[in-house]
Amino acid sequence: MTQSNAQLQQRKTQVIARGQGNVYPVYVEHAKNAELWDVEGKRYIDFGTGIAVCNTGHSHPKVVAAVKEQVDKFSHTCVMVNPYEIAVELAEKLVAIAPGDSAKKAIFVSTGAEAVENCVKIARAHTGRRGVIAFNGGFHGRTNLTMALTGKITPYKNLFGPFPSDIFHAPFPIETHDISVKASLKALDNLFKVDIAPTDVAAIIVEPVQGEGGFYAAPTEFLVALRNLCDQHGIVLIADEIQTGFGRTGKMFNFEYSGVEPDLITMAKGIAGGFPIAAVVGKSDIMDAPLPGGLGGTYGGSPVACAAALAVLDIIEEARKNFDERLDKINWEIYYKDLPFNPSALSLYKWAPIAEELKTLDRKIVLNSMILKWDVIKQEFNDLIQF
Ligand SMILES: Cc1ncc(COP(=O)(O)O)c(C=O)c1O
(Lines give C-alpha, C1' and ligand atoms only; values in the text may rest on other atoms or scores of the structure.)
Protein backbone atom coordinates (compact mmCIF):
# COMPACT_ATOMS: atom_id res chain seq x y z
CA MET A 1 0.00 0.00 0.00
CA THR A 2 1.41 3.38 -0.96
CA GLN A 3 -0.93 5.56 1.09
CA SER A 4 -4.21 4.98 2.96
CA ASN A 5 -7.58 6.27 1.78
CA ALA A 6 -7.49 8.91 4.50
CA GLN A 7 -4.01 10.10 3.52
CA LEU A 8 -4.96 10.32 -0.15
CA GLN A 9 -8.16 12.17 0.67
CA GLN A 10 -6.17 14.67 2.66
CA ARG A 11 -3.74 15.15 -0.26
CA LYS A 12 -6.68 15.53 -2.62
CA THR A 13 -8.38 18.27 -0.63
CA GLN A 14 -5.11 20.26 -0.75
CA VAL A 15 -5.00 20.36 -4.55
CA ILE A 16 -8.43 19.58 -6.01
CA ALA A 17 -11.09 22.24 -5.40
CA ARG A 18 -14.05 21.22 -3.21
CA GLY A 19 -16.44 21.85 -6.10
CA GLN A 20 -15.16 18.63 -7.64
CA GLY A 21 -16.06 16.67 -4.54
CA ASN A 22 -16.06 12.89 -4.24
CA VAL A 23 -18.87 10.75 -2.86
CA TYR A 24 -16.67 8.23 -1.07
CA PRO A 25 -13.09 8.58 0.22
CA VAL A 26 -12.34 5.16 -1.27
CA TYR A 27 -9.33 5.31 -3.59
CA VAL A 28 -9.45 2.70 -6.32
CA GLU A 29 -6.47 0.48 -6.88
CA HIS A 30 -8.12 -1.71 -9.49
CA ALA A 31 -11.60 -2.74 -10.64
CA LYS A 32 -12.98 -5.73 -12.46
CA ASN A 33 -16.53 -6.39 -13.63
CA ALA A 34 -18.89 -5.35 -10.83
CA GLU A 35 -16.24 -5.02 -8.12
CA LEU A 36 -13.46 -2.69 -7.11
CA TRP A 37 -10.54 -2.87 -4.70
CA ASP A 38 -9.21 0.12 -2.81
CA VAL A 39 -5.62 1.08 -2.01
CA GLU A 40 -5.97 -0.62 1.38
CA GLY A 41 -6.84 -3.93 -0.29
CA LYS A 42 -10.55 -3.82 0.64
CA ARG A 43 -12.98 -5.27 -1.87
CA TYR A 44 -16.29 -3.60 -2.78
CA ILE A 45 -19.34 -4.22 -4.94
CA ASP A 46 -19.32 -1.16 -7.15
CA PHE A 47 -22.82 0.27 -7.05
CA GLY A 48 -21.37 3.63 -8.11
CA THR A 49 -20.25 2.38 -11.55
CA GLY A 50 -18.74 5.79 -12.31
CA ILE A 51 -22.23 7.35 -12.25
CA ALA A 52 -24.12 4.81 -14.30
CA VAL A 53 -21.35 4.30 -16.84
CA CYS A 54 -19.85 0.82 -16.52
CA ASN A 55 -22.90 -1.10 -17.73
CA THR A 56 -20.66 -3.87 -19.09
CA GLY A 57 -18.49 -3.96 -15.98
CA HIS A 58 -15.00 -2.62 -15.33
CA SER A 59 -12.28 -3.46 -17.85
CA HIS A 60 -14.25 -5.94 -19.89
CA PRO A 61 -11.65 -7.98 -21.81
CA LYS A 62 -13.27 -7.13 -25.17
CA VAL A 63 -13.18 -3.41 -24.43
CA VAL A 64 -9.59 -3.59 -23.22
CA ALA A 65 -8.53 -5.51 -26.35
CA ALA A 66 -10.32 -3.10 -28.70
CA VAL A 67 -8.77 -0.07 -27.03
CA LYS A 68 -5.27 -1.55 -27.09
CA GLU A 69 -5.60 -2.44 -30.75
CA GLN A 70 -6.76 1.07 -31.63
CA VAL A 71 -4.04 2.82 -29.60
CA ASP A 72 -1.45 0.75 -31.47
CA LYS A 73 -2.82 2.10 -34.76
CA PHE A 74 -3.44 5.78 -33.87
CA SER A 75 -5.04 7.66 -31.00
CA HIS A 76 -6.16 10.96 -32.52
CA THR A 77 -6.53 12.77 -35.81
CA CYS A 78 -9.84 14.57 -35.08
CA VAL A 79 -12.79 13.17 -36.96
CA MET A 80 -13.38 16.68 -38.39
CA VAL A 81 -9.90 16.75 -39.97
CA ASN A 82 -8.99 13.20 -41.02
CA PRO A 83 -11.93 10.88 -40.37
CA TYR A 84 -11.68 7.11 -39.80
CA GLU A 85 -13.82 4.07 -40.46
CA ILE A 86 -14.62 3.14 -36.85
CA ALA A 87 -16.41 6.47 -36.34
CA VAL A 88 -18.55 5.77 -39.41
CA GLU A 89 -19.18 2.21 -38.19
CA LEU A 90 -20.19 3.44 -34.74
CA ALA A 91 -22.55 6.04 -36.24
CA GLU A 92 -24.11 3.31 -38.41
CA LYS A 93 -24.69 1.14 -35.33
CA LEU A 94 -26.09 3.96 -33.18
CA VAL A 95 -28.43 5.06 -35.92
CA ALA A 96 -29.63 1.46 -36.28
CA ILE A 97 -30.31 0.88 -32.57
CA ALA A 98 -31.92 4.27 -31.82
CA PRO A 99 -35.66 3.94 -31.14
CA GLY A 100 -38.03 4.54 -34.06
CA ASP A 101 -38.09 3.87 -37.79
CA SER A 102 -37.21 7.31 -39.22
CA ALA A 103 -33.94 7.73 -41.11
CA LYS A 104 -31.34 9.03 -38.67
CA LYS A 105 -27.87 10.57 -38.46
CA ALA A 106 -25.41 11.00 -35.60
CA ILE A 107 -22.76 13.42 -34.37
CA PHE A 108 -20.05 12.72 -31.82
CA VAL A 109 -18.96 14.88 -28.90
CA SER A 110 -17.09 14.09 -25.68
CA THR A 111 -19.49 14.52 -22.75
CA GLY A 112 -23.16 14.23 -21.94
CA ALA A 113 -23.52 17.96 -21.36
CA GLU A 114 -22.08 18.62 -24.81
CA ALA A 115 -24.58 16.20 -26.32
CA VAL A 116 -27.43 18.11 -24.64
CA GLU A 117 -26.03 21.48 -25.77
CA ASN A 118 -25.77 20.21 -29.32
CA CYS A 119 -29.37 19.02 -29.25
CA VAL A 120 -30.44 22.54 -28.37
CA LYS A 121 -28.27 23.99 -31.15
CA ILE A 122 -29.67 21.52 -33.69
CA ALA A 123 -33.27 22.10 -32.57
CA ARG A 124 -32.82 25.87 -32.79
CA ALA A 125 -31.19 25.65 -36.22
CA HIS A 126 -33.99 23.38 -37.44
CA THR A 127 -36.91 25.41 -36.09
CA GLY A 128 -35.48 28.93 -36.11
CA ARG A 129 -37.02 29.27 -32.61
CA ARG A 130 -35.52 30.24 -29.25
CA GLY A 131 -37.34 28.54 -26.36
CA VAL A 132 -36.47 25.26 -24.66
CA ILE A 133 -38.66 23.55 -22.06
CA ALA A 134 -37.20 21.19 -19.45
CA PHE A 135 -38.69 19.64 -16.32
CA ASN A 136 -38.44 20.25 -12.58
CA GLY A 137 -35.95 17.79 -11.07
CA GLY A 138 -34.36 17.04 -14.45
CA PHE A 139 -30.59 16.88 -14.77
CA HIS A 140 -28.89 17.78 -18.04
CA GLY A 141 -25.32 18.75 -17.13
CA ARG A 142 -22.99 21.30 -15.62
CA THR A 143 -22.19 23.67 -18.52
CA ASN A 144 -23.93 27.02 -18.60
CA LEU A 145 -26.76 26.02 -20.94
CA THR A 146 -27.26 22.56 -19.47
CA MET A 147 -27.17 23.99 -15.95
CA ALA A 148 -29.98 26.30 -16.98
CA LEU A 149 -31.93 23.29 -18.28
CA THR A 150 -31.31 21.34 -15.06
CA GLY A 151 -34.28 21.61 -12.72
CA LYS A 152 -32.45 21.37 -9.41
CA ILE A 153 -30.74 24.27 -7.65
CA THR A 154 -28.32 22.78 -5.09
CA PRO A 155 -25.55 22.01 -5.83
CA TYR A 156 -25.86 22.50 -9.58
CA LYS A 157 -27.08 26.07 -10.05
CA ASN A 158 -26.65 28.18 -6.97
CA LEU A 159 -23.65 30.53 -7.10
CA PHE A 160 -23.40 30.08 -10.90
CA GLY A 161 -25.85 32.52 -12.51
CA PRO A 162 -26.67 34.33 -14.69
CA PHE A 163 -28.09 31.69 -16.99
CA PRO A 164 -29.06 31.86 -20.65
CA SER A 165 -32.56 33.12 -21.33
CA ASP A 166 -35.44 31.32 -23.03
CA ILE A 167 -35.27 28.23 -20.79
CA PHE A 168 -38.51 27.24 -19.06
CA HIS A 169 -39.41 24.52 -16.56
CA ALA A 170 -42.59 22.53 -16.06
CA PRO A 171 -43.47 19.99 -13.33
CA PHE A 172 -42.46 16.37 -14.02
CA PRO A 173 -45.31 13.93 -13.32
CA ILE A 174 -44.65 12.01 -10.11
CA GLU A 175 -47.73 10.38 -8.62
CA THR A 176 -46.13 9.91 -5.20
CA HIS A 177 -45.58 13.68 -5.05
CA ASP A 178 -49.18 14.30 -6.10
CA ILE A 179 -48.19 15.53 -9.57
CA SER A 180 -50.37 13.72 -12.07
CA VAL A 181 -49.75 13.53 -15.82
CA LYS A 182 -52.78 15.74 -16.22
CA ALA A 183 -51.31 18.35 -13.87
CA SER A 184 -47.98 18.37 -15.75
CA LEU A 185 -49.69 18.79 -19.09
CA LYS A 186 -51.89 21.54 -17.68
CA ALA A 187 -48.76 23.34 -16.44
CA LEU A 188 -47.25 23.11 -19.94
CA ASP A 189 -50.42 24.54 -21.36
CA ASN A 190 -50.20 27.34 -18.84
CA LEU A 191 -46.56 27.98 -19.76
CA PHE A 192 -47.69 28.46 -23.36
CA LYS A 193 -50.19 31.05 -22.19
CA VAL A 194 -48.02 32.88 -19.67
CA ASP A 195 -44.33 32.62 -20.66
CA ILE A 196 -43.77 31.54 -24.26
CA ALA A 197 -45.96 30.80 -27.27
CA PRO A 198 -45.60 27.20 -28.50
CA THR A 199 -44.63 28.65 -31.89
CA ASP A 200 -41.52 30.11 -30.22
CA VAL A 201 -40.48 26.81 -28.61
CA ALA A 202 -37.63 24.97 -30.35
CA ALA A 203 -37.51 21.90 -28.10
CA ILE A 204 -38.81 20.02 -25.10
CA ILE A 205 -36.15 17.93 -23.35
CA VAL A 206 -37.09 15.07 -21.04
CA GLU A 207 -35.35 12.21 -19.24
CA PRO A 208 -37.50 9.07 -19.57
CA VAL A 209 -36.38 8.22 -16.03
CA GLN A 210 -35.16 11.12 -13.93
CA GLY A 211 -31.87 10.37 -12.19
CA GLU A 212 -30.87 13.35 -10.08
CA GLY A 213 -34.54 14.12 -9.62
CA GLY A 214 -34.95 10.90 -7.59
CA PHE A 215 -35.32 7.98 -10.02
CA TYR A 216 -38.79 8.67 -11.31
CA ALA A 217 -39.93 7.07 -14.54
CA ALA A 218 -42.03 9.20 -16.86
CA PRO A 219 -45.38 7.45 -17.39
CA THR A 220 -45.87 6.24 -20.97
CA GLU A 221 -49.03 8.35 -21.16
CA PHE A 222 -46.89 11.43 -20.49
CA LEU A 223 -44.28 10.65 -23.16
CA VAL A 224 -47.05 9.98 -25.67
CA ALA A 225 -48.68 13.30 -24.77
CA LEU A 226 -45.35 15.13 -25.18
CA ARG A 227 -44.92 13.53 -28.61
CA ASN A 228 -48.39 14.71 -29.63
CA LEU A 229 -47.78 18.20 -28.26
CA CYS A 230 -44.49 18.48 -30.15
CA ASP A 231 -46.12 17.24 -33.37
CA GLN A 232 -48.97 19.69 -32.95
CA HIS A 233 -46.66 22.70 -32.56
CA GLY A 234 -43.60 21.70 -34.62
CA ILE A 235 -41.45 21.38 -31.47
CA VAL A 236 -38.40 19.06 -31.41
CA LEU A 237 -38.71 16.31 -28.76
CA ILE A 238 -35.32 15.58 -27.17
CA ALA A 239 -34.90 12.35 -25.20
CA ASP A 240 -32.06 12.70 -22.69
CA GLU A 241 -31.02 9.04 -22.53
CA ILE A 242 -27.56 9.79 -21.16
CA GLN A 243 -28.21 7.86 -17.99
CA THR A 244 -30.89 5.47 -19.17
CA GLY A 245 -29.25 4.31 -22.41
CA PHE A 246 -27.28 1.20 -23.30
CA GLY A 247 -29.31 -1.36 -21.42
CA ARG A 248 -29.35 0.48 -18.13
CA THR A 249 -33.10 0.01 -17.69
CA GLY A 250 -33.37 -3.27 -19.57
CA LYS A 251 -34.01 -2.23 -23.16
CA MET A 252 -31.25 -0.52 -25.12
CA PHE A 253 -33.01 2.83 -24.63
CA ASN A 254 -35.75 3.58 -22.13
CA PHE A 255 -37.96 5.36 -24.70
CA GLU A 256 -38.52 1.93 -26.30
CA TYR A 257 -40.86 1.05 -23.42
CA SER A 258 -43.24 3.84 -24.46
CA GLY A 259 -43.11 3.19 -28.19
CA VAL A 260 -42.51 6.93 -28.65
CA GLU A 261 -39.90 8.00 -31.21
CA PRO A 262 -38.06 11.12 -30.08
CA ASP A 263 -36.65 13.56 -32.67
CA LEU A 264 -33.21 13.76 -31.05
CA ILE A 265 -31.58 11.42 -28.52
CA THR A 266 -28.58 12.11 -26.33
CA MET A 267 -26.24 9.19 -25.70
CA ALA A 268 -23.23 9.10 -23.35
CA LYS A 269 -22.18 7.31 -20.14
CA GLY A 270 -22.71 3.57 -20.83
CA ILE A 271 -21.87 3.98 -24.52
CA ALA A 272 -18.16 3.14 -24.20
CA GLY A 273 -17.52 1.47 -20.84
CA GLY A 274 -15.90 4.58 -19.34
CA PHE A 275 -14.15 6.07 -22.35
CA PRO A 276 -15.25 9.67 -22.89
CA ILE A 277 -17.51 9.82 -25.90
CA ALA A 278 -21.07 11.03 -26.35
CA ALA A 279 -23.41 11.32 -29.29
CA VAL A 280 -26.56 12.92 -30.56
CA VAL A 281 -28.65 10.70 -32.80
CA GLY A 282 -31.72 12.10 -34.48
CA LYS A 283 -33.96 12.35 -37.50
CA SER A 284 -31.80 13.12 -40.53
CA ASP A 285 -33.62 16.26 -41.67
CA ILE A 286 -33.33 17.80 -38.20
CA MET A 287 -29.71 16.68 -37.70
CA ASP A 288 -28.67 18.26 -41.00
CA ALA A 289 -30.01 21.73 -40.12
CA PRO A 290 -26.70 23.18 -38.79
CA LEU A 291 -24.05 24.23 -41.33
CA PRO A 292 -20.86 22.14 -41.84
CA GLY A 293 -18.42 22.87 -39.01
CA GLY A 294 -21.19 24.13 -36.70
CA LEU A 295 -21.16 20.94 -34.60
CA GLY A 296 -18.45 18.73 -33.14
CA GLY A 297 -15.12 19.56 -31.52
CA THR A 298 -11.48 18.48 -31.21
CA TYR A 299 -12.02 15.24 -29.31
CA GLY A 300 -15.60 14.36 -30.27
CA GLY A 301 -15.59 10.81 -31.66
CA SER A 302 -12.10 9.94 -30.40
CA PRO A 303 -10.99 6.79 -32.25
CA VAL A 304 -10.03 5.09 -28.98
CA ALA A 305 -13.47 5.78 -27.51
CA CYS A 306 -15.13 4.68 -30.77
CA ALA A 307 -13.27 1.36 -30.52
CA ALA A 308 -14.42 0.96 -26.91
CA ALA A 309 -18.02 1.82 -27.87
CA LEU A 310 -18.09 -0.74 -30.70
CA ALA A 311 -16.88 -3.38 -28.24
CA VAL A 312 -19.53 -2.35 -25.69
CA LEU A 313 -22.27 -2.65 -28.32
CA ASP A 314 -21.04 -6.13 -29.24
CA ILE A 315 -21.03 -7.18 -25.59
CA ILE A 316 -24.57 -5.90 -24.99
CA GLU A 317 -25.83 -7.47 -28.20
CA GLU A 318 -24.35 -10.80 -27.21
CA ALA A 319 -25.70 -10.57 -23.66
CA ARG A 320 -29.19 -9.74 -24.89
CA LYS A 321 -29.41 -12.86 -27.05
CA ASN A 322 -30.04 -15.04 -24.02
CA PHE A 323 -31.29 -12.32 -21.71
CA ASP A 324 -34.65 -13.98 -21.01
CA GLU A 325 -32.99 -17.26 -20.25
CA ARG A 326 -30.62 -15.53 -17.87
CA LEU A 327 -33.47 -13.68 -16.21
CA ASP A 328 -35.19 -16.98 -15.76
CA LYS A 329 -32.39 -18.11 -13.52
CA ILE A 330 -33.42 -15.59 -10.92
CA ASN A 331 -36.09 -16.92 -8.64
CA TRP A 332 -36.60 -14.09 -6.21
CA GLU A 333 -38.44 -10.82 -6.56
CA ILE A 334 -36.53 -7.58 -6.18
CA TYR A 335 -37.94 -4.91 -3.91
CA TYR A 336 -35.49 -2.21 -4.65
CA LYS A 337 -37.56 0.35 -2.77
CA ASP A 338 -36.70 -1.46 0.49
CA LEU A 339 -32.98 -1.00 0.09
CA PRO A 340 -30.98 -0.48 3.27
CA PHE A 341 -29.29 2.51 1.63
CA ASN A 342 -30.11 5.37 -0.69
CA PRO A 343 -30.55 3.87 -4.14
CA SER A 344 -30.02 7.14 -5.97
CA ALA A 345 -26.89 7.17 -8.10
CA LEU A 346 -26.43 3.45 -7.59
CA SER A 347 -26.37 0.94 -10.33
CA LEU A 348 -29.22 -0.91 -8.69
CA TYR A 349 -31.10 1.27 -11.05
CA LYS A 350 -30.32 -1.28 -13.68
CA TRP A 351 -32.24 -3.84 -11.68
CA ALA A 352 -35.44 -1.85 -11.80
CA PRO A 353 -36.80 -3.19 -15.11
CA ILE A 354 -35.68 -6.66 -14.18
CA ALA A 355 -37.69 -6.27 -11.00
CA GLU A 356 -40.70 -5.29 -13.05
CA GLU A 357 -40.31 -8.31 -15.30
CA LEU A 358 -39.81 -10.62 -12.36
CA LYS A 359 -42.94 -9.36 -10.69
CA THR A 360 -44.89 -10.45 -13.73
CA LEU A 361 -43.26 -13.86 -13.41
CA ASP A 362 -44.44 -13.94 -9.81
CA ARG A 363 -41.03 -14.68 -8.35
CA LYS A 364 -39.61 -13.56 -5.00
CA ILE A 365 -36.43 -11.65 -4.41
CA VAL A 366 -35.70 -9.27 -1.62
CA LEU A 367 -32.88 -7.06 -2.67
CA ASN A 368 -31.78 -6.64 0.92
CA SER A 369 -30.94 -10.29 0.92
CA MET A 370 -29.19 -9.85 -2.41
CA ILE A 371 -26.86 -7.44 -0.73
CA LEU A 372 -26.38 -9.63 2.31
CA LYS A 373 -25.94 -12.79 0.28
CA TRP A 374 -23.77 -11.26 -2.39
CA ASP A 375 -21.33 -14.14 -2.59
CA VAL A 376 -24.09 -16.68 -3.19
CA ILE A 377 -25.77 -14.47 -5.75
CA LYS A 378 -22.56 -13.75 -7.54
CA GLN A 379 -21.89 -17.41 -7.91
CA GLU A 380 -25.40 -18.23 -9.04
CA PHE A 381 -25.94 -15.29 -11.36
CA ASN A 382 -22.43 -14.52 -12.37
CA ASP A 383 -23.21 -14.08 -16.01
CA LEU A 384 -26.27 -11.94 -15.40
CA ILE A 385 -24.50 -9.51 -13.11
CA GLN A 386 -21.21 -9.52 -14.95
CA PHE A 387 -21.51 -9.38 -18.70
C1 LIG B 1 -29.60 12.66 -17.85
C2 LIG B 1 -28.25 13.30 -17.90
N3 LIG B 1 -28.01 14.27 -18.79
C4 LIG B 1 -26.81 14.86 -18.88
C5 LIG B 1 -25.77 14.51 -18.06
C6 LIG B 1 -24.43 15.19 -18.19
O7 LIG B 1 -23.47 14.29 -18.65
P8 LIG B 1 -21.91 14.61 -18.40
O9 LIG B 1 -21.66 14.54 -16.94
O10 LIG B 1 -21.20 13.54 -19.19
O11 LIG B 1 -21.65 15.97 -18.97
C12 LIG B 1 -25.96 13.51 -17.10
C13 LIG B 1 -24.90 13.14 -16.17
O14 LIG B 1 -25.09 12.65 -15.09
C15 LIG B 1 -27.25 12.89 -17.03
O16 LIG B 1 -27.50 11.93 -16.12
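Residues numbered from 1 in each chain as written. Predicted model: local features only at pLDDT ≥ 70, side-chain atom pairs only at ≥ 80, totals over all residues. Heavy atoms only, no water.

## A closer look at the pairing of strand β12 (residues 278-283)
By the criterion of burial, β12 is predominantly enclosed, with six of the six residues buried. Looking at chain direction, strand β4 (residues 104-109) and β12 are connected through six bridges and run antiparallel. Within β12, the position partnered with K105 by the bridge is G282. Direction of pairing for strand β11 (residues 264-267) relative to β12: antiparallel, over a ladder of four bridges. Residue pairing across strands places M267 opposite A279, the latter belonging to β12. (Buried < 20%, exposed > 50% of the residue type's maximum accessible area, 1.4 Å probe, protein only. Helix = DSSP H or I, 4+ residues; strand = E, 2+ residues; numbered from the N terminus. Pairing = 2+ DSSP bridges.)

## A short note on the site of the ligand
The full set of residues close to the ligand is T111, G112, A113, F139, H140, G141, E207, D240, I242, Q243 and K269. In the model, an oxygen atom of the ligand is placed 2.9 Å from a nitrogen or oxygen of the Q243 side chain. (Near = heavy atom within 4 Å. Polar contact = N/O pair within 3.5 Å; in protein donor to acceptor, adjacent residues only side chain to side chain.)

## A short note on the pattern of salt bridges
Applying the stated criterion across every chain, the model contains 13 salt bridges. The salt bridge involving E261 is made with K104; its shortest N-O contact spans 2.8 Å. One end of the pair, E261, is in the loop between β10 (236-240) and β11; the other, K104, is in strand β4, and 157 residues separate them in sequence. Here E261 falls in the buried class, since its relative accessible area comes to 17%. Ionic pairing is found between R227 and D263, a salt bridge with its closest N-O pair at 3.0 Å. Of this pair, R227 sits in helix α8 (residues 220-233) while D263 is found in the loop between β10 and β11, placing the two residues 36 residues apart along the sequence. For D263, a relative accessible area of 4% translates into the label buried. Shared partners join several salt bridges into a network, and the residues in it are R227, D231, D263 and K283. (Salt bridge = Lys/Arg side-chain N within 4 Å of Asp/Glu carboxyl O.)

## Thoughts on unusual backbone geometry
Following T154, the chain continues to P155 via a peptide bond in cis, the omega torsion being 0°. Position of P155 relative to the elements: it lies in the loop between α6 (144-149) and β6 (167-170). In this structure, the amide linkage connecting G161 to the following residue, P162, adopts the cis form with an omega of 5°. Along the chain, P162 falls in the loop between α6 and β6. Of note in the backbone geometry, A52 takes a positive phi value of approximately 60° without being a glycine. Positionally, A52 belongs in helix α2 (residues 49-52). Non-glycine residue F246 carries a positive phi angle of around 55°. The topology assignment puts F246 in the loop between β10 and β11.

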